[in-house]
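# A closer look at the structure
One letter stands for each residue in the lines below.
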Amino acid sequence: MSSLLSYALPALGSYAMLSIFFLRRPRLLHTPWAPVFLPRLGAHRAGSGELLENTMEAMENSLAQRSDFLELDCQLTRDGVVVVSHDQNLSRQSGVNRDVSSLDFEELPLYKEELEVYFSPGRFAHGSDRHMVSLEDVFQRFPRMPMSVEIKEENEELINKIAGLVRHFDRNEITVWATEKSSVMKKCRAANPEMPFSFTIGRAIWLLLLYYLGLLPFASIPERFFFCFLPTIINRTYFPFSCSGLNQLAAVISKWLIMRRSLIHHLEQRGVQFAKKSGLTIHSSIPLPGGLRRGGELPPSGFKGKLQVKLFETMSPSLPTQVVFWCLNEESDFEVAYGLGASGVMTDYPTALRHYLDNHGGAAQAS
């Protein structure tokens, strides 16, 4: 037994040291990649705290606040139109107890005059635009705006139609597959493998398991985005369970598991550093998000040529693997997320997050 321990203990010690070494220096093992856009500010449901969710009016408002990407959910109508809608059943959104799939696009009802903000209970959004929109119309209106498209159910027709629209509008690099289910993600990737994709719940659990076993530095990570809830919002603005006790337990456990700066730093280091400091000039031939400016103005929406641009003051000093926390609507939560080293934040209030970044951007990046 003692002989076995004499071999096992040094081996385990060497393994632990090697794992920690490569956890901090993943680029020695993995070739970095260059993200196409910086997800510093994401508008959840197109900014559903300020205007009615997923409407053109909300999207225009989010762009006015220089959001870097829109987070959208999609459903399929009876006549095969991909519509931007969080819910399949329209009761919450419109008061009509019908599924999107049971109606033609032209039959879809208007949104209610006000909608409660899911991640800010007791607060309501209003707007003059109450129309549901098709994904095709959104792509036409905002051709170079990065978007995350979430698929909630295993609907192959919906998935294939979205994949086709993305190809048609030449958006492969700036449209992200998102879903909670690994079975759905498998179909999404098969439908359009050129689109970047995010972690599913199953893959996120696998990621955490690899991290705590010390195997993460040696594992391949094909996902380009890690959209994760911030544990500190559980039992405050996010209630995953109906039981308060379970929510409290989930908050404690998830905070201990997820809020690890070394984990986020490792994922970020799987990216490529584009710039070392604000004001450094970059030559770019990729579509530019709202945070990048040319002479103080946004480039034309369809621009793809080479162009000298300067980083806006609130830009991250590096272009990281995208770790984005959702759905944060309070300044204290912004501070926690950026303090952990997150790439970005998804919010229902893009104006509030833009104000925070403009006034605290330097401190956020220094964290």
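### A closer look at the overall build of the protein
- Looking only at helices and strands, the protein features 11 helices and 13 strands.
- Every one of the 367 residues in the protein was classed for burial, and the buried ones make up 52%.
- Contacts in the protein between residues far apart in sequence, at least 24 positions, make up 67% of those at least 6 positions apart.
- Surface accessibility of the protein: about 16,700 Å² in total, with carbon and sulfur atoms responsible for 57%.

### Points about the nonpolar core
- Phe226, Phe227, Phe325, Leu328 and Leu353 are the most contacted members of the largest nonpolar core, which has 47 residues in total.
- No other element matches helix H7 (residues 201-213), which puts five residues into this core.
- Discounting residues that sit within four places of it in the chain, Phe226 has contacts with Phe199, Ala204, Leu207, Leu267, Gln322, Val323 and Val324.
- Grouped together as the second largest cluster of nonpolar side chains are 35 residues, Leu72, Val166, Trp177 and Met195 included.

### A closer look at the pairing of strand E12 (residues 322-326)
- Where burial is concerned, most of E12 is hidden: five out of the five residues are buried.
- Side chains Gln322, Val324 and Trp326 of E12 all project onto a buried face; the interleaved residues Val323 and Phe325 project onto the opposite face, where all are buried too.
- Summarising the sheet, strand E8 (residues 225-229) and E12 pair through five bridges and their orientation is parallel. Directly across from Cys228, in E12, lies its bridge partner Phe325.
- As judged from the two bridges shared by E12 and strand E13 (residues 344-347), these two strands associate in the parallel manner. Bridge assignment links Val324 to a residue of E13, and that residue is Gly344.
- Where the polypeptide runs from E12 across helix H10 (residues 331-339) and back to E13, its parallel neighbour, the crossover connection is right-handed.

### Description of the environment of Asp87
- Examined against the element boundaries, Asp87 turns out to sit in the loop between strand E3 (82-84) and helix H3 (91-94).
- Residue classification places Asp87 among the buried positions, given a relative accessible area of 16%.
- Separated by 14 residues in sequence, Asp87 and Asp73 have C-alpha atoms that sit 8.1 Å apart.
- Setting aside residues no more than four positions away along its own chain, Asp87 makes contact with Gln75, Arg92, Gln93 and Val100.

### Describing the packing of helix H5 (residues 156-168) against helix H6 (residues 182-191)
- Between H5 and H6, the shortest axis-to-axis distance is 9 Å and the interhelical angle comes to 35°. Here H5 runs over H6; the crossing is right-handed. Contact residues: Glu156, Ile159, Asn160, Ala163 and Arg167 in H5; Val184, Lys187, Cys188 and Ala191 in H6.

### Details of the confidence of the model for the protein
- Averaged over every residue, the pLDDT of the protein is 85; the share at 70 or more is 84%.
- Scored below 50 in pLDDT, residues 272-320 shows 102 contacts in the model against residues more than four places distant or in partner chains.

### Some remarks on the packing of aromatic side chains
- All told, the structure shown has 18 aromatic pairs when counted by the stated rule.
- Here the aromatic rings of Phe199 and Phe226 are separated by 5.2 Å at their centres, their planes lie at 65°, and the arrangement is edge-to-face. One end of the pair, Phe199, is in the loop between H6 and H7; the other, Phe226, is in strand E8, with 27 residues separating them in the sequence.
- When its relative accessible area of 9% is taken as the criterion, Phe199 is described as buried.
- Aromatic rings pair up to connect Tyr118, Phe119, Phe229, Tyr238 and Trp326 into one cluster.
- Here the guanidinium or amino end of Arg260 rests over the ring plane of Trp256, the centre of that ring lying 4.9 Å away.

### Thoughts on the pattern of salt bridges
- Applying the stated criterion across every chain, the model contains 16 salt bridges.
- Between Arg66 and Asp358 there is a salt bridge, and its shortest N-O distance comes to 3.1 Å. With a gap of 292 residues between them, Arg66 in the loop between helix H2 (56-64) and strand E2 (69-76) and Asp358 in helix H11 (residues 350-366) connect regions that are remote in the sequence.
- Two residues, Glu154 and Lys187, come together in a salt bridge whose shortest N-O distance is 3.7 Å. Remark: Lys187 occurs in helix H6 and Glu154 occurs in the loop between strand E6 (147-150) and H5; sequence separation between them is 33 residues.
- A network of salt bridges, in which partner residues are shared, links Arg45, Glu53, Asp87 and Arg92.

### Quick word on the side chain of Glu223
- Tracing the backbone shows Glu223 in the loop between H7 and E8.
- Using a relative accessible area of 5% as the deciding quantity, one classes Glu223 as buried.
- Only 2.7 Å separates the side chain of Glu223 from the side chain of Arg203, close enough to count as a polar contact.
- Aside from chain neighbours lying at most four places away, what touches Glu223 is Phe197, Ser198, Phe199 and Arg203.

Calculation notes
- Residues numbered from 1 in each chain as written.
- Predicted model: local features only at pLDDT ≥ 70, side-chain atom pairs only at ≥ 80, totals over all residues.
- Heavy atoms only, no water.
- Helix = DSSP H or I, 4+ residues; strand = E, 2+ residues; numbered from the N terminus.
- Buried < 20%, exposed > 50% of the residue type's maximum accessible area, 1.4 Å probe, protein only.
- Contact = heavy atoms within 4.5 Å.
- Areas by Shrake-Rupley, 256 points an atom, 1.4 Å probe, with all protein chains shown as cover.
- Core = buried A, V, L, I, M, F, W, Y, C linked by side-chain atoms within 4.5 Å.
- Pairing = 2+ DSSP bridges.
- Right-handed = clockwise from strand over helix to strand, strands pointing away.
- Axes fitted to C-alpha atoms, helices over the stretch in contact; angles between N-to-C directions.
- Left-handed = near helix turned anticlockwise from the far one by under 90°.
- pLDDT = per-residue confidence, 0-100.
- Phe/Tyr/Trp six-rings, centres within 6.5 Å; stacked < 30°, edge-to-face > 60°.
- Lys NZ or Arg CZ within 6 Å of the ring centre and 35° of its normal.
- Salt bridge = Lys/Arg side-chain N within 4 Å of Asp/Glu carboxyl O.
- Polar contact = N/O pair within 3.5 Å; in protein donor to acceptor, adjacent residues only side chain to side chain.

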